[in-house]
There are 2 protein chains.
Amino acid sequence: MASPSDQRATIIDGKAIAQTMRSEIGEEVRFLSEKYGKVPGLAVVIVGNRKDSQSYVSMKRKTCAEVGIKSFDIDLPEQVSEAELISKVHELNEMPDVHGILVQLPLPKHINEEKVLSEVSLEKDVDGFHPLNIGKLAMKGREPLFLPCTPKGCLELLKRSGVTIKGKKAVVVGRSNIVGLPVSLLLLKADATVTIVHSHTPDPESVIRDADIVIAAAGQPMMIKGSWIKPGAAVIDVGTNAIDDPTRKSGYRLVGDVNFHEACDVAGYITPVPGGVGPMTVAMLLRNTLDGAKRVIEQ
Amino acid sequence: MASPSDQRATIIDGKAIAQTMRSEIGEEVRFLSEKYGKVPGLAVVIVGNRKDSQSYVSMKRKTCAEVGIKSFDIDLPEQVSEAELISKVHELNEMPDVHGILVQLPLPKHINEEKVLSEVSLEKDVDGFHPLNIGKLAMKGREPLFLPCTPKGCLELLKRSGVTIKGKKAVVVGRSNIVGLPVSLLLLKADATVTIVHSHTPDPESVIRDADIVIAAAGQPMMIKGSWIKPGAAVIDVGTNAIDDPTRKSGYRLVGDVNFHEACDVAGYITPVPGGVGPMTVAMLLRNTLDGAKRVIEQ
């Protein structure tokens, strides 16, 4: 049974770790620039005027600038046709200074996301979502060109916090294509014993209570209680849920899939929301872009 | 705790179920033949003279004949070059009467298996091992053209025995590209809570004891004892291990990864070895070939 102890969890500071990573990336970018006179390039494609998408995209572009990655800004109107978008993607595929292509999701309803994403050249698929990349991620002895950013960020947080993965019991809550599924495959490749819990798991609590490592990616605000956590476990909370909070000016606040305050009394390590996994996703996108660029520039 | 009961496990008769499936396939082949004047075609490619490979291949060809699928026999010498083999594969990719291509593994050491297999047209990859097929198998909302034969056979055995998968705890022992990994993905798609156990799992016994469904695919003769099984669990034993047996004329006998006699006293359902999963693999290969042919012929 989990029980509170005097020892509170070590907070995994994703913001600080992401900052360290961005510095490392910045140094490598400078090195490339000095040695080859070239810098990595990331095309960030946005369609329409969704507020949330625009804020994500502007953060990605700003962070590119911070580390010296050249950002190619493609802003298309809501009404753009699927064919026009695909022809833009093809154009970016051909541009030698573009090493990574990110199409911000969701796309407007009249556009088939799967179709558009599968047109991104494998060598520039810095999101790592192409089914061929996922297949190689799943298979022993195969390596994808790019790992999906958020899952890669989760593992990086564990590694940089000194949490051993090999031989540990890891439970992933949620099985989305973007987080739950690929993070399970990554943990399996890192030799954890992996269990995937989802909406059809009758008793998630008992499974989670057995885990040395919990990756919470269900999108359910504070579903994981402190009493569900094994004492000393490492908890990575990918959830970012807005809940009403009349005490805030905005009227809401962000919470994770884990009850952070309860979990702090039980877990060995835990990420906060915000400031945990979030900043890592962008750092990993830049890392993927840099790695893609190095494959081209250093060849 | 597992304890022996008076009730012995229901034996899942893979041989009989595979026979039923072959009859179903045979009927559909006859229907195609009568309606369109065409039958499915499977190219079985073998390189060299390995005894075990030859026996598998001859069984596959024989079973094709039994159900009316036209078998294209490609027998290449041990010394064939990688380029020659690939050009043979390309030729089969182009042949309209060939709907499935199976390259029997292992290939001789001088040939890169991964490279050869990735040359098989996706539309004819009846083994389902192409990384793009595995990626689509892993991802929610995507469907591969073909499911790998042995994993598909395991699920078919459960379904035809009336074992519910949705909401159940399934443990897969082993994480090979051919069985363990894809069967885990299939069980996840069927809404089981899936745990993958492997050589780095410190205490496989305690994980397995919790499972409603056990898929044993570790290649370790009789590693899973009766006392490891939860009473009433469904046990699918994919292992086919030859162990010394001086009482047999051959000097050996085949056993699974599960101690069958012990498990029979505890499990609710169990497959024997031989006569469990083995016959299903060939039946599924024929089913995949038929499905591939239907996509072409009925279009």
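Residues numbered from 1 in each chain as written. Chains lettered and ligands numbered in written order. Predicted model: local features only at pLDDT ≥ 70, side-chain atom pairs only at ≥ 80, totals over all residues. Heavy atoms only, no water.

Identification of chain A as Bifunctional protein FolD from Melia azedarach is taken from an unreviewed UniProt entry.

Quick notes on the pairing of strand S2 (residues 41-47) of chain B
Regular strands show a simple pattern: their side chains alternate between the two faces of the sheet. All names here are of chain B. Note the cut-off: Burial status follows relative accessibility: with a 1.4 Å probe on protein chains alone, a residue under 20% of its type maximum counts as buried, one over 50% as exposed, and anything between as partly exposed. Working definition: helices are DSSP H or I runs of at least four residues, strands are E runs of at least two. Numbering for both runs from the N terminus. Whether two strands pair depends on DSSP finding at least two bridges between them.
For S2, the tally of buried residues reaches seven of seven residues, placing the bulk of the element in the interior. Neither face of S2 is exposed, since Gly41, Ala43, Val45 and Val47 on one face and Leu42, Val44 and Ile46 on the opposite face are all buried. As defined by bridge partners, S2 adjoins strand S3 (residues 70-76) across seven bridges and the pair is classed as parallel. Each bridged residue has a counterpart across the sheet, and for alanine 43 the counterpart in S3 is phenylalanine 72. As judged from the four bridges shared by S2 and strand S4 (residues 100-103), these two strands associate in the parallel manner. Paired with valine 44 across the two strands is leucine 102, which belongs to S4.

A look at the nonpolar core
Going by this rule: Only buried residues count toward a nonpolar core. Its members are Ala, Val, Leu, Ile, Met, Phe, Trp, Tyr and Cys residues joined through side-chain atoms within 4.5 Å. Contacts between residues were defined by any pair of non-hydrogen atoms, one from each residue, lying within 4.5 Å.
Core analysis: the biggest nonpolar cluster contains 110 residues, and Leu187 and Ile215 of chain A together with Leu187 and Ile215 of chain B have the highest contact counts within it. Once residues lying within four places of it in the same chain are set aside, the contact partners of leucine 187 of chain B are Leu155, Leu158, Ile165, Ala170, Val172, Ala192, Val194 and Ile215 of chain B.

Remarks on unusual backbone geometry
All names here are of chain A. Cis peptide bonds are those with omega within 30 degrees of zero, and the linkage from leucine 105 to proline 106 qualifies with -5°. Positive phi, close to 70°, is recorded for aspartate 191, a residue that is not glycine. Examined against the element boundaries, aspartate 191 turns out to sit in the loop between helix H7 (180-189) and strand S6 (193-197). Accessibility expressed as a relative area gives 13% for aspartate 191, which makes it buried.

A word on the pairing of strand S5 (residues 169-173) of chain B
All names here are of chain B. Note the threshold: The crossover handedness rule: strands pointing away from the viewer, path from first strand over the helix to second strand clockwise, crossover right-handed.
With respect to burial, S5 is a largely interior element, four of its five residues being buried. Note: S5 against strand S6 (residues 193-197), five bridges, orientation parallel. The residue bridging alanine 170 from the neighbouring strand is valine 194, located in S6. Handedness of the S5-helix H7 (residues 180-189)-S6 crossover: right-handed. Relative to strand S7 (residues 213-216), S5 runs parallel, the two being bridged by four bridges. Counterpart to valine 172 in the pairing with S7 is isoleucine 215.

What about the relation of the copies chain A and chain B?
For the pair of chain copies, the relating transformation is a rotation about an axis with a translation along it. Note the threshold: Least-squares superposition of the copies uses the C-alpha atoms of those residues scoring a pLDDT of at least 70 in each of them.
Here chain A sits on chain B after a turn of 180° about the axis and a move of 0.0 Å along it, with an RMSD of 0.0 Å. Seen this way, the second copy is the image of the first under a two-fold rotation axis. Rotation axis and chain A: the residue whose C-alpha lies nearest the axis is glycine 135 of chain A, separated from it by 1.7 Å. Same-surface contact between copies: 100% of interface residues of chain A are shared with the interface of chain B.

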